[in-house]
Structure formats: structure tokens, C-alpha cells
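Here are the chains, one letter per residue:
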Amino acid sequence: MSESERILELRNQLHEHNYHYYIENQPLISDQEFDQLMAELIRLEAAHPEMADANSPTQRVGSDLSNDFPTFEHQRPMLSLANTYSKDEVAEFYERVRQGLGGEEFELCCELKFDGLSISLHYEDGQLVRAVTRGDGVKGDVVTPNVRTIRSIPLKLDVGGDWPKQFEIRGEVLMPWTSFEGLNAERERREEPLFANPRNAASGTLKSKTTAVVAQRRLDAYLYYLLLGEEDLGALPSDTGHYELMQRARNWGFRVSDAMCKVSSLQEVFDFIDHWDEARHSLPVATDGIVLKVNSLRQQRALGMTAKSPRWAIAYKFKAEQQSTVLREVTYQVGRTGVVTPVANMDPVQLAGTVVRRATLHNADFIRQLDLHTGDHVLVEKGGEIIPKIVGVDSAYDGLPRGPRVEFITHCPECGTPLVQADGEAMIYCPNENHCPPQIKGRIEHFVSRRAMGIDSIGPETVDDLYRAGLVRDVADLYQLTPDQINGRDGTRERSAQRTIAGINASRQVPFERVLFALGIRLVGETAARTLARQFGNIDALAAASADDLMRVDGIGERMAQSIRSWFADADNAFLIERLRSQGLQMQISAADDAARSDTLAGKTIVISGVFERHSRDEYKRIIEQHGGTNTGSISKKTSFVLAGANMGPAKLEKARKLGVEIIDENRFLEMLPS
Ligand code: IVH
């Protein structure tokens with residue numbers, strides 16, 4: 001594959017993973033793997049400036065904006081903090097601040113770094129009027145009804161308090177460990193995928209469309225940043241700093257961490273770090289480091305900001321906790337796509353509050369790099385994720401006699417087929433797609449999952465049950481199930497059997513692009529499925545497309561093209577398509593989707609800003625695309641017009657005026673399009 005193809009492929013993968021991480025809250029790969037893909041893309045893009053794309057995943061830090069909420073432009077951007085990982089870097093920060101202030105004395109406020117998602121709360125006349133997520137830092141989702149369910153967030157401040165008429169306070173929404181564990185236990189019972197960590201769970205919860213769900217999940221919030229208007233600031237005693245402001249906020253009724261304290265030497269900072277590195281394990285919520293802020297507001301202003309983060313603050317991230325234990329055995333798991341993952345089985349060891357017995361070993365290359373032998377003392381680490389990983393062999397035991405070297409298995413542990421490794425890929429997999437049980441079951445699970453056919457009433461245990469009873473051997477069999485075949489299996493009651501059948505029937509209307517994704521063709525994620533559906537229009541055209549035809553489509557690389565070709569070349573799959581078609585599944589894009597296309601907006605570059613009534617922002621993006629236009633994020637001379645809703649940010653408005661870019665409201669915009 002050429003480097004430019006690899007760039008397109010990486011972009012697709014990262015878009016997909018971004019989606020799973022930020023919107024679905026179900027990351028498919030570890031943060032580390034994500035960072036590696038991103039690093040590779042950054043490197044390749046730097047070498048290929050001709051491939052620049054404003055919409056590449058490298059051009060943003062990831063956004064948690066979703067389609068379902070109105071957005072709001074932050075009055076002041078929600079910046080992130082620069083991260084440090086060692087005390088040396090903290091000392092460098094301390095020195096930078098000292099020099100930046102020309103040697104003047106200063107105090108630092110030390111705080112815990114809460115590991116949730118940031119929220120901005122707006123109060124007017126003592127009432128909570130709005131709660132906005134960080135979003136992309138510039139604008140966020142308005143999630144006020146959901147935030148109102150968080151009991152530690154005051155909805156009304158005490159009358160007579162000295163709070164300003166209008167202010168904004170920012171902090172972190174968290175899911176306490178106890179709620180998190182309870183939630184995952186419940187999800188396990190209901191056969192739903194588990195949340196990887198409390199941060200993802202909190203974020204998923206806050207984006208829920210049902211306020212009652214949010215209320216049940218018992219979120220909490222800690223506040224750490226108060227933003228006042230110039231006038232209110234001016235009225236405060238001149239020595240008021242960040243710490244003092246937060247103490248006021250506490251008096252107004254906000255939850256402000258007791259850990260917060262002021263220090264005036266580097267040694268005290270180190271003491272704070274050492275204390276909390278240990279003590280944090282008994283806190284009710286997740287923390288992943290500490291935050292240092294220059295306390296004086298005057299000094300903060302003097303130090304200012306860089307484009308991304310304030311110069312007066314920094315985060316120090318705790319190291320992931322590590323333990324040494326003995327590797328007893330490596331077992332192998334076969335996933336939905338046939339990929340075989342090695343799992344280390346170890347002597348139980350206490351790690352970051354839980355007992356760990358199993359950890360992932362990623363792939364065969366990783367085992368080889370570690371030169372792993374059974375009986376080795378291995379280092380296990382648990383970062384922000386729930387699944388622990390082996391990071392190395394403990395060198396403290398070097399020189400001792402070792403057990404046999406770990407050799408990756410050569411045959412599938414489930415079906416006995418010889419395993420294969422694709423060129424240039426680290427993954428080893430079982431090629432027996434159509435007869436290897438976990439692959440068959442995994443494919444069915446994927447097919448019924450929410451983003452695919454959305455048959456929610458069928459979970460992994462039901463799939464397993466139906467498979468073992470010989471009732472469902474492929475996804476087409478689902479459409480022939482009768483209520484009595486489900487009823488009574490594994491104690492299932494009649495009502496839920498009826499619901500399952502209703503869900504299966506309803507899935508016949510699921511649009512073609514999702515059917516295509518549901519088929520589980522290797523490397524074809526949601527984005528690619530959408531592109532392919534639009535490009536080819538129906539399954540027959542796609543099945544007939546050559547690898548070259550496929551590669552001509554933007555975003556489809558050589559490997560994906562090969563994978564699609566070989567999927568359709570398989571006679572079993574061709575037969576499957578015919579059976580699904582005869583069951584009435586959508587095998588072409590709908591007439592409505594097709595008719596809605598035109599080139600009315602061809603050559604136009606359009607910026608969307610504000611909140612709309614007739615369609616969501618995402619729908620507008622899609623409409624622009626359908627009519628041949630391009631949607632971009634920021635206004636420039638090249639912008640054809642701004643599609644503006646209510647609450648368009650003042651900065652954008654100003655910029656559009658300055659550049660003479662026309663502003664069009666949604667009604668006028670919709671009138672421009674063919675009806
Ligand atoms: S202060 C301008 N304080 O960490 C300063 N942030 O990368 C704004 N966070 O987005 C942030 N605990 O979500 C601050 N005590 C704390 C924090 C904290 C957690 C999060 C926050 C922010 C990210 C910084």
C-alpha cells in the first residue's frame with residue numbers, strides 16, 4: 001500500500017475510533033493503540049503536505065459533540081491543560097512561572113485532577129440556567145435537563161448569598177466508583193456492553209436522551225474554576241485569588257474538593273503529589289493526576305495563555321499503577337472477526353483497588369518482543385482502563401531459570417483451523433469465518449447491535465443460546481424464528497419473545513447503509529458503509545465492483561477494497577445476501593435518499609453556526625453534502641455563506657461581517673434547495 005493510501009486508511013480508522021470513544025463511549029482499542037495510529041498519521045501527513053485535509057482526525061483533539069443536543073458557543077473557550085508526567089517537568093513549570101513573573105513571589109493552588117468530563121454551568125440571579133459540555137472547546141452540547149439530576153449541583157443558590165448576578169462555574173462531572181460498579185454489574189446481567197471506565201460511563205450518561213436514566217445513575221460533580229465578569233472581579237478584595245474564589249463558591253453551595261490547598265514552594269508541591277498518589281485510592285471518584293494553578297488572578301493575567309492552554313496552570317498525571325506477578329499460562333480468545341488475542345493468566349495480584357488475574361498480551365509480536373516464558377515475573381499495569389495489560393518482564397528476576405518460551409498457537413483453539421497472519425499486519429486470525437463458533441456468534445451479535453440492525457432485545461447470551469440450540473447458524477436464520485422457538489428458551493417469557501420477534505421484523509426497514517455495516521465485512525466500519533451505500537446505491541452494484549472501482553471511492557484503500565472483494569467472492573456470502581433479500585431487508589438506498597440529491601450547492605463552502613429548529617446540525621451537514629456543497633468549521637474569505645441559527649457566537653458574527661460573508665437563516669437555506 002502506498003503512503004497516501006495508508007493516510008486515507010488511517011483517517012478512516014481514527015474517525016471510526018473517535019466515534020466509538022467520544023460518542024458511543026465504547027472504545028474498541030486502548031488509548032495507547034489510538035495514540036500510535038494518530039502518531040503514524042501525523043508523521044505521514046507531515047511527509048505528504050499535498051494530502052492535507054482540514055477534516056483529518058489530526059486537525060482536532062476529538063469532540064464530544066453529538067447530534068441530539070442544541071449547541072452553545074462558550075463565552076470563553078474551554079481550554080485544556082498542558083500535561084506533565086514527571087517531577088522534573090513540574091519543576092520546569094515552576095521555574096517558567098517564576099521567570100514569567102520576573103522573580104516576583106507567587107503561590108500555587110494544588111488540586112486533584114478529576115477524571116470525568118468537564119462541564120460549564122451558567123447561573124443567573126442565583127438559578128442554574130444552562131449546562132454545557134466542553135464539546136470541541138469552542139462550543140458544547142447544552143445538557144441542562146440531564147445536569148439538573150445531579151444532586152450535588154445546586155439548582156438555586158441561597159437567597160442573600162454574596163453570589164454575583166451572573167457567573168459561570170466549571171468543573172468535572174463524574175460517576176463515583178460505587179455507581180460505576182453497580183451500573184456495569186447491571187449491564188452484564190442485561191447482556192449489554194460494559195463501560196471501560198467511569199469517565200466513559202459518565203460521558204455516556206450525560207449524553208443520554210432520557211433524563212430518568214441520568215437520574216438513576218447517580219453522577220456527581222466537583223467544581224474547580226469560577227469565571228466572573230470584570231465588574232464583579234473589580235469589586236473583590238485585591239488579594240483574592242483562585243483559591244479564595246473557590247472557597248466562596250463552596251459557601252454558595254457548590255461541591256469544591258477539600259483536597260485543594262495553597263503552597264509556596266516546590267517541595268510542598270511534591271509533598272502534595274506524593275500524598276495523593278497513594279491517598280487517591282480511597283476517594284469515591286476517579287482521579288488521574290493533580291492540577292497546579294498560579295493562585296493570584298493578577299499573576300494569571302500577567303502570564304496569559306498559549307493557543308491551547310493557560311501558562312499559569314499545568315496538570316501532572318499519576319503513573320499507571322504497576323505490580324509484579326507470575327505468569328502461569330497464556331490462553332487465546334477468538335473474537336468476532338476471527339482475530340486471536342493472547343491472554344495472560346497470572347497469580348492474583350492486588351492492583352489499583354482490584355484483584356487482577358488476567359491481562360491482555362495484545363498480539364504475537366508483543367509476546368516475541370517481551371521474549372515471554374511461562375513462570376516469568378511480569379509487570380502488570382492498570383491505567384484509566386478497566387482491562388489491565390502486561391507491560392514487561394520484571395528485571396528483578398533476571399538470571400533465574402525460566403520456564404518454556406511462550407509460543408503463539410498455530411491452530412484455532414475453537415475450531416482447529418490453521419491460523420493465518422495477513423501481510424504487514426500484527427494480527428493473527430482464524431480464516432474459518434463461516435464455521436468457527438465464536439466468529440459466527442460474534443457476527444450475529446454485531447449484526448443485531450444497536451448501530452447495526454438495532455435489534456436490542458437480543459444480547460450475547462440469547463445469541464449463544466439460539467446458536468447452541470441449532471436455531472440460528474447465520475444472521476438470515478434470525479428472520480425465520482418463531483415466538484415459540486424463543487419462548488421458554490432459558491426461561492424467556494412470552495412477552496419478551498414477542499418483543500424479540502417485533503424487533504427482528506422492524507429491522508427489515510433499517511436503511512441499506514446500516515445493513516451493509518451489519519454484514520460485518522472486515523475493515524468496513526460505519527463510515528465506510530455509508531460511503532459505499534451512497535456511492536454504489538445497491539448491493540448488486542457493490543458486489544459487481546472491481547477492486548479498482550472500489551479504490552476510486554474517496555476513503556476506500558487497497559486493503560478495504562480487497563476485503564470487500566473477497567467477501568462478495570465467497571459463495572456462502574452471496575447465498576446469505578439472497579436469503580436476506582428474500583426476507584425483505586433493504587438492499588438499496590431508499591428512493592427518498594436518492595431523490596434528495598442535487599448539485600445545487602456544488603462549489604459552495606458553507607459554515608454552520610448556532611442552534612436550529614427545523615433540522616439538527618448534523619442533518620444540515622448531510623443536506624449540504626447531498627446537494628454537492630462542502631461544510632467547513634471556520635469562516636474565511638472562501639466561505640460562500642454562513643448557515644446561521646439562533647445564538648450564533650459573537651466572534652463568528654463579527655468575522656462574517658468583516659469578511660463580507662453572507663449570513664443565511666435556515667428557512668432561506670431550505671428554500672434554496674429543490675423541494
Ligand atoms: S482547570 C483553564 N482543574 O482536566 C483551566 N481542570 O486538560 C481549566 N480537570 O478539561 C481546567 N480536574 O476537564 C482544572 N482541578 C482541575 C481539574 C481539571 C480535572 C480536567 C478538565 C480539563 C482537563 C485539562
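The following paragraphs examine the structure supplied in this document. (Residues numbered from 1 in each chain as written. Predicted model: local features only at pLDDT ≥ 70, side-chain atom pairs only at ≥ 80, totals over all residues. Heavy atoms only, no water.)

1. Digging into the pattern of salt bridges
- Applying the stated rule across the entire model yields 37 salt bridges.
- With a shortest N-O distance of 3.2 Å, R559 and E9 are connected by a salt bridge. You can see R559 sitting in helix 21 (residues 558-569) and its partner E9 sitting in helix 1 (residues 3-23), a full 550 residues away along the chain.
- Judged by its relative accessible area of 8%, E9 is buried.
- A salt bridge links D464 to K441; its shortest N-O distance comes to 2.7 Å. (Salt bridge = Lys/Arg side-chain N within 4 Å of Asp/Glu carboxyl O. Helix = DSSP H or I, 4+ residues; strand = E, 2+ residues; numbered from the N terminus. Buried < 20%, exposed > 50% of the residue type's maximum accessible area, 1.4 Å probe, protein only.)

2. Let's talk about the packing of aromatic side chains
- Summed over the entire model, instances satisfying the criterion amount to 16 aromatic pairs.
- Both rings, one in F447 and one in Y479, keep their centres 6.4 Å apart while their planes meet at 90°; by these two values the pair is edge-to-face. Of the two residues, F447 sits in helix 13 (residues 437-448) while Y479 sits in the loop between helix 14 (460-468) and helix 15 (483-486), which places them 32 residues apart along the sequence. Neither residue differs from the other here; F447 and Y479 are each classed as buried.
- An aromatic cluster is present here, built from Y123, F167, W252 and F254 joined pairwise through their rings.
- Of note, R255 hangs over the ring of Y222, and the distance from its end group to the ring centre comes to 5.3 Å.
- R473 extends its terminal NZ or CZ atom over the ring of Y467, reaching a point 4.2 Å from the ring centre. (Phe/Tyr/Trp six-rings, centres within 6.5 Å; stacked < 30°, edge-to-face > 60°. Lys NZ or Arg CZ within 6 Å of the ring centre and 35° of its normal.)

3. Observations concerning the pairing of strand 12 (residues 321-334)
- Pairing geometry for strand 12 and strand 15 (residues 377-382), over six bridges, is antiparallel. Bridge pairing in strand 15 places S324 opposite L379.
- Pairing of strand 12 with strand 13 (residues 340-351), which is carried by seven bridges, proceeds in the antiparallel orientation. Within strand 13, the residue paired with Q333 across the bridge is T341. (Pairing = 2+ DSSP bridges.)

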